Amino acid sequence: MLILHCPYCGVDADETDLHAGGQAHLKREGPGSSDEAFEDYLFMRENPKGVHFERWRHVYGCGKWFHAARCTSTLEVFGTYPAQTLEPPQDIKDKISGTRPGWSWGIFK
Amino acid sequence: MSNAVSALNGKVAPGEVTIREAGLRGMITLRGDLSDSKLKSVCTGLSGVDLPMPGHANCVGEKGLCWMSPDEMLVLVPYAEVDAALELIAKNLKKKHHLAENVSDARALIFVEGEYSRDMIAKLAPVDLHPDVFQPGSFRRTHLGQVAAAFWMRDVDTFEVICFRSVADYAFNLLETSAKAGAVGHFNAR
Ligand SMILES: [Zn+2]
């Protein structure tokens, strides 16, 4: 069972209080973008065994979207952070580096 | 004028832990900037209590404030006072971006009363209800069994549960079944 800390409510929410929202930090491609970029945006996703960044919604709680950094292999949660950001905060990256040195994910490392 | 009736019309299931539908209660969903001084003062003025911290509810009698999210407060008032309260909110927040809606008839309020009320809630919600963590004044939005619900502790023996009116019957039966099954004893009552 996955338990994630909601950065807005400050509570630890059980998986059944949450709704999974897929990969985090997607860059939206719209009118004017190339077909390849639009296809990437629509369909191409990271599918790592290990460090992953996801969007989650505290659907039975405050209703807000937030981000989570976790390991898909061990279910270790590195941390959660508000959705109003374009990249993972440094303290979360540092925490991942502590146990997964040399990790990379998309454009982040 | 229609005769307003609450979801379960005050149904009671007495027992070691008693489940009691509270009857009609005025509830206003108020969304806006919770740090705004005008919003704060209209909330405290209507309810007579201080603005609660995140994860808390301040309730006295039929009035109170519940922290719903970083931009949402639930204002509780007596059922008959909702229209006047909405007018006051509209007047005071005229120039502020906000939303206030009467949700009284969309909700049901259920009391869980008795020494082991904590056990009854703990059996049904994925929430840490340890006495060191969840205390009088604590508030949580989550789910009870299969339905969305919010609850807060009024005092050491009493929880107040809010759910949608359409699932009031389910929530009541769920709590009643939990109460009939008895205490778990995990929290080693006082
Ligand atoms: Zn939340």
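Residues numbered from 1 in each chain as written. Chains lettered and ligands numbered in written order. Predicted model: local features only at pLDDT ≥ 70, side-chain atom pairs only at ≥ 80, totals over all residues. Heavy atoms only, no water.

An unreviewed UniProt entry lists chain B under the name Sarcosine oxidase subunit gamma, with Yoonia maritima given as the organism.

Per an unreviewed UniProt entry, chain A goes by the name Sarcosine oxidase subunit delta and belongs to Yoonia maritima.

Draft legend 1. Highlighting the sheet that holds strand β6 (residues 77-82) of chain A. All names here are of chain A. Ordered by their spatial adjacency, four strands build an open sheet running β3-β4-β5-β6, and the pairing between neighbours is antiparallel. Looking at the sheet topology across the chains shown, the edges are occupied by β3 (19-23) and β6. Here the average twist between neighbouring strands, direction ignored, is 30°. As defined by bridge partners, strand β4 (residues 51-57) adjoins strand β5 (residues 65-71) across seven bridges and the pair is classed as antiparallel. Looking at β5, one finds that R55 is bridged to H67. Contacts between helix α2 (residues 90-99) and the sheet are confined to β4, β5 and β6, with β6 contributing the most and set at about 170° to the helix. (Pairing = 2+ DSSP bridges. Helix = DSSP H or I, 4+ residues; strand = E, 2+ residues; numbered from the N terminus. Axes fitted to C-alpha atoms, helices over the stretch in contact; angles between N-to-C directions. Contact = heavy atoms within 4.5 Å.)

Draft legend 2. Structural detail: the sheet that holds strand β11 (residues 158-164) of chain B. Residue and element names in this part refer to chain B. Across the sheet, six strands lie side by side as β1-β2-β8-β11-β10-β9; this open sheet has antiparallel pairing. The strands lining the two open edges of the sheet, one partner per strand, are β1 (12-13) and β9 (139-144). Pairing geometry for strand β2 (residues 18-21) and strand β8 (residues 107-113), over four bridges, is antiparallel. From the neighbouring strand, E21 faces β8, where its bridge partner is I110.

Draft legend 3. Representation of the coordination of the zinc ion. Residues and elements named next belong to chain A. Protein coordination at the zinc ion: the donors are C6 (SG), C9 (SG), H58 (ND1) and C62 (SG), at 2.0 to 2.4 Å from the metal. Coordination at the zinc ion comes from four donor atoms whose angles at the metal span 99 to 119°, giving a geometry best classed as tetrahedral. Sequence spacing of the donor residues for the zinc ion, all on one chain, is C-x2-C-x48-H-x3-C. Its relative accessible area of 1% is what places H58 among the buried residues. Given a relative accessible area of 4%, C62 falls into the buried group. (Donors = N, O, S within 2.8 Å, 3.2 Å for Na, K, Ca; no water. Tetrahedral: all angles 85-135°; square planar, octahedral: opposite > 155°, others 65-115°. Buried < 20%, exposed > 50% of the residue type's maximum accessible area, 1.4 Å probe, protein only.)

Draft legend 4. Quick peek at the pattern of salt bridges. This structure, assessed with the given rule, holds 13 salt bridges over all chains. Across the pair K64 of chain A and D71 of chain B runs a salt bridge whose closest N-O atoms are separated by 2.9 Å. Of this pair, K64 of chain A sits in the loop between β4 and β5 while D71 of chain B sits in the loop between β5 (63-69) and β6 (72-77), on two different chains. Between D71 of chain B and R31 of chain B there is a salt bridge whose closest N-O contact spans 2.9 Å. Of this pair, D71 of chain B sits in the loop between β5 and β6 while R31 of chain B sits in strand β3 (residues 26-31), placing them 40 residues apart in sequence. When its relative accessible area of 26% is taken as the criterion, D71 of chain B is described as partly exposed. Linked through salt bridges whose partners overlap, the residues forming this network are K64 of chain A together with R31, D71 and E72 of chain B. (Salt bridge = Lys/Arg side-chain N within 4 Å of Asp/Glu carboxyl O.)

Draft legend 5. Inspection of the interface of chain A and chain B at higher detail. Taken together, the contact between chain A and chain B spans twelve residues of the former and 15 residues of the latter. Three residues stand out in chain A for area buried against chain B, namely D17, Y60 and K64 of chain A, and they jointly supply 44% of the buried area on that side. Remark: the boundary between chain A and chain B carries two salt bridges. Inspection of the chain A/chain B interface yields seven residue pairs in polar contact (both at pLDDT 80 or more). Residue classes in the side of chain A that touches chain B are distributed as six nonpolar, two polar and four charged. (Buried area = accessible area lost by both parts, 1.4 Å probe. Polar contact = N/O pair within 3.5 Å; in protein donor to acceptor, adjacent residues only side chain to side chain. Nonpolar A, V, L, I, M, F, W, Y, C, P; charged D, E, K, R; others polar.)

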